[in-house]
Every structure is written in C-alpha cells, then in structure tokens.
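Here are the chains, one letter per residue:
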Amino acid sequence: MNLIVAVDKNWAIGLKNKLLVSIPEDMKFFRTETAGKVVVMGRKTLESFPGGMPLKNRTNIVLTGNPDYAVKGALVLHTVEEVLKELEKYPSEEIYIIGGESIYRQFLPYCDTAHVTKIDYAYEADTYFPNLDELAGWKVTGASGEKTYYDLEFEFFKYEKA
C-alpha cells in the first residue's frame, strides 16, 4: 500500500484544513500517481476538495466516525478495520492513502511505499505527517533532485519500508 503527501521542512502538511502550498508540479505528480487507483482519505480531506466532491477517475474511500455521513461517488466507511477489509479487493500497489493527519497515522503501519514531496520552507501549520527520516524501518529509495517553483525549492522522494 502507498501513501502520498507533501510536507514542509518540519513535516507539516496543512493549516485549517488546507494544503500549505499548491505547487503545480506536485499536483500533477499526485494526479498522475493516483489516476485510476484507489484513494483513502478522511472526511475533512474530502471536504477540502473543490465542491467537497470525490476525485474523478479514482475509487474514493472515505473514513469517518460519523455514521450518518454520505457523499455521492465515494464509499464511506467507519473504522480502519472496515477500510482494510474493503482494500483486500484491490492490488496493494494500486492503493494510496492521501490524508489527512489522523488517516496517515492510522494507515502508515500498513504502507510499504511513501511518495513524499519535501518543500524546503517552514510554514505555519496545525497538522503534521510522521517524520519518516526518524522512523525505524523507512529509507529513501529514490529522489528527483531539487526542483523550484518561483522561489520555493522542493524535491520528490520515494521512501520504502525496509
């Protein structure tokens, strides 16, 4: 199972239910990487999308504790166990955990590949991703080399569980 995330230099991922920054090349990477695949997210992540609508051309699975929550075009489940059971129907390499913070933390133990866009800037933030550089068992297996968007420097990294 994969996860995909953009983090700042402190492994921050968001502020007030919004991404810290929108980098077109990172957005394109996300679209290309997840197109036609299964994406797993929390309710707040779904609601942060345009119109609060599921992502097109993907199987959208939303995890929420709210038993009355429903959204057209997405499968809504209520426990990690229900999500894991549903994910058994799909090849592991076609599953992407896409956030937010609590979803990443709950599913990180089940993931073996992490696609991390690291942005060389420290933003004001209220949500964070676990620092894979400090977590035992994760190692960088690929890097794009430094890229820039205006004055922002960023790099795509691939981490794999050893």
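Throughout what follows, the structure given in this document is the object of discussion. Keep in mind the model is a prediction, meaning the values are calculated, not measured. (Residues numbered from 1 in each chain as written. Predicted model: local features only at pLDDT ≥ 70, side-chain atom pairs only at ≥ 80, totals over all residues. Heavy atoms only, no water.)

Digging into the pairing of strand E7 (residues 95–99)
Burial runs high along E7: 5 of the 5 residues are buried. Sheet topology note: the strand E1 (residues 2–7)/E7 ladder contains 2 bridges and is parallel. Within E7, the position partnered with Leu3 by the bridge is Ile97. For strand E4 (residues 38–42) and E7, the ladder comprises 4 bridges, and the chain directions are parallel. In the sheet register, Val40 faces E7, and the bridge partner there is Ile97. (Buried < 20%, exposed > 50% of the residue type's maximum accessible area, 1.4 Å probe, protein only. Helix = DSSP H or I, 4+ residues; strand = E, 2+ residues; numbered from the N terminus. Pairing = 2+ DSSP bridges.)

Description of helix H3 (residues 80–87)
Buried within H3 we find Val80, Val83, Leu84, Glu86 and Leu87. Buried residues of H3, viewed axially, fall in a sector of 160°; they line one side. In H3, the exposed residues that point more than 90 degrees away from the buried face are Glu81 and Lys85. Where H3 is buried, its residues contact E4, strand E5 (59–63), strand E6 (74–77), E7 and helix H4 (101–107). (Arc of directions from axis to C-beta. Contact = heavy atoms within 4.5 Å.)

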